[in-house]
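# Overview (structure and organization)
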There are 2 protein chains.
Amino acid sequence: MNPVTEQPVTAADKTFLQLRKDIVDGKIAAGSKLSETDLANRYAVSRAVVREAINRVETCHLVERRANVGARVVALSPERLVSLYQVRESLEGMAARLAAENMSDDEITDLMNLLDSHLQTVQSGETYYQEAGDVDFHYRIILGSKNDHLIAMLTEGIYHLIRMYRVQLGMAGPRVTTAFDEHRSIAQAIANRDAELAEILMRRHILYTRNNLAKKLLEDAS
Amino acid sequence: MNPVTEQPVTAADKTFLQLRKDIVDGKIAAGSKLSETDLANRYAVSRAVVREAINRVETCHLVERRANVGARVVALSPERLVSLYQVRESLEGMAARLAAENMSDDEITDLMNLLDSHLQTVQSGETYYQEAGDVDFHYRIILGSKNDHLIAMLTEGIYHLIRMYRVQLGMAGPRVTTAFDEHRSIAQAIANRDAELAEILMRRHILYTRNNLAKKLLEDAS
DNA sequence: ATCGCTTAAATTGTCGACAATATAAGCCAA
DNA sequence: TTGGCTTATATTGTCGACAATTTAAGCGAT
């Protein structure tokens, strides 16, 4: 079920989306156990659909299951955050490379317009659009790669985990001003059809973001 | 369920492994529909465990499901092969980079020994160890990355798909002699702890493999 | 003959009950 | 008191039956 193009139709679909949301938002604590019976009561569905929903959030790497024991929400350790961002750097770097090769001229124009509107929003002092804007930017590049495997892995797999870290560790979107300039550079490289540079810049951008998060984590720990 | 360290315990585990094998080996044709009832009879289990098994092979991107319609084995198009190898290039490149940083000295020694034994096997004219040797080489580097997300994505996700292409398109392992030299270079970069070079070489190596496969596909089509 | 509607068959989705396994509690012995 | 064993409880795994949906077939109208 592609979350973008397709609608939830079955009860398992809705339960899966609700469960994923509850986990990402921390409504269900990280590291806690998922009782099938409890969830069945909570969502007012049978255990069978809960099991299917759990299987699907497991696909997103949001929970881990053990046979005859049950499923637990993943723990949010700094180490896992780093390893997650390493994967993200790798995949989104490739996405930027492919986007430079495969995005249509119209899509690139739209991307530029998005950045312009984003700039105005930032300058006007409004902040709560930041994360949405950031996600939107990355999202367009991912889709611009035109690579189905890549798109699925990022949008259905990794991104929810990243959001989970952002929400639960209280990270207010990306580093605002500097990140914006980096976005511009990436977009420009894509517009120039410079695949090599687009990949390098995207990887650096994500690396910076990771370092920024790691620093924040250390500060919070002290 | 990590297929390396853990054993199949439940009926759903065994059914999943069997189903995955049957799909990868082409015993169940690519693009064909998966009837839950048929599979339940074939494997002598209830529909519930078949459904769980199907959900899991869907996680490996080996089948695609649509609500109220059913699951189909994925089609093996040249385009999808290319997109798959782009993802592989990205992830295994990162794996090689991380392996250069994180593999222990002992693990690197073992890797070198593996290459030596592999060389002897090749020189003695035996060929049927080639694919196993190739898989083993890549596998060790993936594990050497010490990145859980990366390891899971490659070993539980992408690799079965790659094997499916190899088996069903009748590809006899990797390009033997040239690939071996590339392996040596990669291992040497890792031994030198040159992460940057290890990544570049691994990406080139996988790119060459992809081009080789694409060429073979074109030849077969003609 | 073709198109559309209605109806019948087959397939997937959902449910509650039972079986198998793991966890917790209680007990006995050292 | 502690350690290990036995028993009780709770949770997951599995099953067959029923409901909902899709697909195919049949029929009639134009």
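Residues numbered from 1 in each chain as written. Chains lettered and ligands numbered in written order. Predicted model: local features only at pLDDT ≥ 70, side-chain atom pairs only at ≥ 80, totals over all residues. Heavy atoms only, no water.

The subject of this paragraph is the sheet that holds strand S1 (residues 33–34) of chain A. All names here are of chain A. Overall, antiparallel pairing links the three strands, which are arranged S1-S3-S2 in an open sheet. Looking along the sheet, the strands with just one partner apiece sit at the ends: S1 and strand S2 (63–66). Across four bridges, the pairing between S2 and strand S3 (residues 70–73) is antiparallel. Counterpart to Val63 in the pairing with S3 is Val73. (Pairing = 2+ DSSP bridges. Helix = DSSP H or I, 4+ residues; strand = E, 2+ residues; numbered from the N terminus.)

On to the protein's contact with DNA strand C, then. The full set close to DNA strand C counts 20 residues, and Thr10 and Ala11 of chain A together with Lys33, Arg47 and Arg51 of chain B are the nearest of them. Here, DNA strand C places atoms within 4 Å of the protein, and 72% of those atoms are sugar or phosphate. Of the residues assigned to the surface near DNA strand C, the class counts are nine nonpolar, six polar and five charged. (Near = heavy atom within 4 Å. Nonpolar A, V, L, I, M, F, W, Y, C, P; charged D, E, K, R; others polar.)

Quick look at the environment of Val82 of chain A now. With respect to the helices and strands, the residue Val82 of chain A is situated in helix H4 (residues 78–102). A C-alpha to C-alpha distance of 9.7 Å links Val82 of chain A and Leu207 of chain A, two positions 125 residues apart in sequence.

Residues and elements named next belong to chain A. For chain A, the domain assignment lists domain 1 (11–73) and domain 2 (78–221). Averaged C-alpha coordinates put domain 1 and domain 2 at centres separated by 28 Å. Taken together, the eleven residues of domain 1 in the interface contact nine residues of domain 2. Summed over both sides, the interface between domain 1 and domain 2 buries roughly 830 Å², with carbon and sulfur atoms accounting for 59% of that surface. The salt bridge involving Arg163 is made with Asp25; its shortest N-O contact spans 3.9 Å. (Domains from an automatic or database assignment. Contact = heavy atoms within 4.5 Å. Buried area = accessible area lost by both parts, 1.4 Å probe. Salt bridge = Lys/Arg side-chain N within 4 Å of Asp/Glu carboxyl O.)

Now for the protein's contact with DNA strand D. Around DNA strand D, a shell composed of 20 residues is seen, among which Lys33, Arg47 and Arg51 of chain A together with Thr10 and Ala11 of chain B lie nearest. For DNA strand D, the fraction of protein-proximal atoms (within 4 Å) that sit in sugar or phosphate groups is 72%. One of the backbone nitrogen or oxygen atoms of Glu36 of chain A is found 3.3 Å away from a phosphate oxygen of DNA strand D. Between DNA strand D and Ala11 of chain B, the relevant distance is 2.4 Å, taken from a phosphate oxygen to a main-chain nitrogen or oxygen of the residue. (Polar contact = N/O pair within 3.5 Å; in protein donor to acceptor, adjacent residues only side chain to side chain.)

Here, the word disulfide means a covalent bond between the sulfur atoms of two cysteines. Going through the model one piece at a time under the given rule, you end up with zero disulfides over all chains. Looking at Cys60 of chain B, it has no disulfide partner, and the nearest cysteine sulfur is the one in Cys60 of chain A, 14 Å off. (Disulfide = S-S within 2.5 Å.)

In this section: the pattern of salt bridges. Residue and element names in this part refer to chain B. One pass over the full model with this rule turns up 40 salt bridges over all chains. Glu196 is the salt-bridge partner of Arg97, the closest N and O atoms lying 3.1 Å from each other. Of this pair, Arg97 sits in helix H4 (residues 78–102) while Glu196 sits in helix H9 (residues 195–221), placing them 99 residues apart in sequence. The residue Glu199 makes a salt bridge to Arg97 at a minimum N-O spacing of 2.4 Å.

Okay, the pairing of strand S3 (residues 70–73) of chain B next. Residue and element names in this part refer to chain B. With burial as the criterion, only one face of S3 is covered, namely that bearing Ala71 and Val73; the residues Gly70 and Arg72 on the opposite face remain uncovered. Alignment of strand S1 (residues 33–34) against S3, held across two bridges, turns out to be antiparallel. If you follow Leu34 over to S3, its bridge partner there is Ala71. Here strand S2 (residues 63–66) folds back onto S3, and the loop between the two strands holds three residues, one of which, Asn68, carries a positive phi near 65°. (Buried < 20%, exposed > 50% of the residue type's maximum accessible area, 1.4 Å probe, protein only.)

For the pair of chain copies, the relating transformation is a rotation about an axis with a translation along it. Laying chain B over chain A is done by rotating through 180° and shifting 0.0 Å along the axis; what remains is an RMSD of 0.0 Å. Classification of the inter-copy transformation places it as that of a two-fold axis. Of the interface residues in chain B, 100% have counterparts in chain A that sit at the interface too, so the contact is made through matching surfaces. (Least-squares fit on C-alpha atoms with pLDDT ≥ 70 in both.)

Each partner contributes to the interface: chain B provides 30 residues, whereas chain A provides 30 residues. Roughly 2600 Å² is buried in total at the junction of chain B and chain A, and carbon and sulfur atoms are behind 55% of that figure. For the chain B face of the interface with chain A, the top three residues by lost area are Met94, His149 and Met153 of chain B, together amounting to 23%. Glu199 of chain B is the partner of Arg203 of chain A in a salt bridge, and the nearest nitrogen-oxygen pair spans 2.7 Å. Our count for the contact surface shared by chain B and chain A stands at 14 residue pairs in polar contact (both at pLDDT 80 or more). Secondary-structure elements contributing two or more residues to the side of chain B that touches chain A are helix H3 (47–59), H4, helix H7 (148–168) and H9 of chain B. Of the residues forming the side of chain B that touches chain A, the biggest block, eleven residues, is contributed by H4 of chain B. Tallied by class, the residues present in the side of chain B that touches chain A amount to twelve nonpolar, eight polar and ten charged.

Axis angle and axis distance: for two packed helices, these are the angle between their axes and the distance between the axes, and together they describe the pair. All names here are of chain B. Where H4 meets H7, the axes come as close as 11 Å, and the angle between the chain directions of the two elements is 140°. As H4 runs across H7, the sense of the crossing is left-handed. Contact residues: Arg80, Leu81, Leu84, Tyr85, Val87, Arg88, Leu91, Glu92, Met94, Ala95 and Leu98 in H4; Leu150, Met153, Leu154, Ile158, Tyr159, Leu161, Ile162 and Tyr165 in H7. Taken together, the residues of the contact of H4 with H7 break down into 16 nonpolar, no polar and three charged. (Axes fitted to C-alpha atoms, helices over the stretch in contact; angles between N-to-C directions. Left-handed = near helix turned anticlockwise from the far one by under 90°.)

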